[in-house]
Amino acid sequence: DAGVIQSPRHEVTEMGQEVTLRCKPISGHNSLFWYRQTMMRGLELLIYFNNNVPIDDSGMPEDRFSAKMPNASFSTLKIQPSEPRDSAVYFCASSSGTRNEQFFGPGTRLTVL
Amino acid sequence: GEDVEQSLFLSVREGDSSVINCTYTDSSSTYLYWYKQEPGAGLQLLTYIFSNMDMKQDQRLTVLLNKKDKHLSLRIADTQTGDSAIYFCAVLGSGGSYIPTFGRGTSLIVHP
């Protein structure tokens, strides 16, 4: 299994532009998580899906952030418009089973100039 | 909600043992995890312990759980420079939650 796949690995954009981050979870996993990691705030949970349905989006910072999971094998996190304070590493993780151990992707490093 | 605390840094000499500590607040926590994050990579599950266990050993790793004090530790024996990374403690509460709470992570620095 290739593990959780994220693209792009690096994204540099200018303030005001739309950014779309992509994630392919591990096949058979029914839960998907989007996290943001910064030095200042550590690892923050943004949103969590179970069986493709958003369950908890209380971590999404603003209306500029949106996430979708149109099917069990694909999810997107969109930021529109992007701002410099959105610069961070964004991780996608998936899990399944009673232990709920999460498998993380390699992350997308976003820089907003 | 759950609160998970870790010290931010730990420095050890190669060959010594490392002990990374974590405290949490939810006494009904079910699963407790240790993740490792190497530079430029995502978090990787190292090991986990179920709340009805006191200890779990896996090669150079030993996890100790003190439920009374709500304290979890990860001991790495014979620490190597390749063990340098950030180690995250994560705790899964009871009540059917699917979302573990992560600590801020402990940066382990191994000196040759």
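Just above, that's the structure.
How each quantity is defined
- Residues numbered from 1 in each chain as written.
- Chains lettered and ligands numbered in written order.
- Predicted model: local features only at pLDDT ≥ 70, side-chain atom pairs only at ≥ 80, totals over all residues.
- Heavy atoms only, no water.
- Contact = heavy atoms within 4.5 Å.
- Buried area = accessible area lost by both parts, 1.4 Å probe.
- Salt bridge = Lys/Arg side-chain N within 4 Å of Asp/Glu carboxyl O.
- Polar contact = N/O pair within 3.5 Å; in protein donor to acceptor, adjacent residues only side chain to side chain.
- Helix = DSSP H or I, 4+ residues; strand = E, 2+ residues; numbered from the N terminus.
- Nonpolar A, V, L, I, M, F, W, Y, C, P; charged D, E, K, R; others polar.
- Core = buried A, V, L, I, M, F, W, Y, C linked by side-chain atoms within 4.5 Å.
- Buried < 20%, exposed > 50% of the residue type's maximum accessible area, 1.4 Å probe, protein only.

Let's shift gears to the interface of chain B and chain A. Contacts between the two partners involve 18 residues from chain B and, on the opposite side, 22 residues from chain A. Of the roughly 1600 Å² buried between chain B and chain A on both sides combined, carbon and sulfur atoms contribute 56%. Ranking the residues of chain B by area buried against chain A places Y98, I99 and R104 of chain B at the top, with a combined share of 34%. For the pair chain B and chain A, the number of links is zero salt bridges. Summed over the shared surface of chain B and chain A, the result is five residue pairs in polar contact (both at pLDDT 80 or more). At the level of secondary structure, the elements contributing two or more residues to the side of chain B that touches chain A comprise β4 (31-37), β5 (43-50) and β9 (85-92) of chain B. If one sorts the elements of the side of chain B that touches chain A by residue count, β4 of chain B sits on top with four residues. Classifying every residue of the side of chain B that touches chain A gives 13 nonpolar, four polar and one charged.

For the rest of this paragraph, the subject is the nonpolar core. Judged by nonpolar contacts, the single largest core of 21 residues is most densely connected at L32, W34, F49, M60, A67, L77 and Y90 of chain A. Secondary structure elements with two or more residues in this core: β3 (19-24), β4 (31-38), β5 (42-50), β7 (65-71), β8 (74-79), β9 (88-95) and β11 (108-112) of chain A. With 20 residues, the next largest nonpolar core counts V4, I20, L72 and L74 of chain B among its residues.

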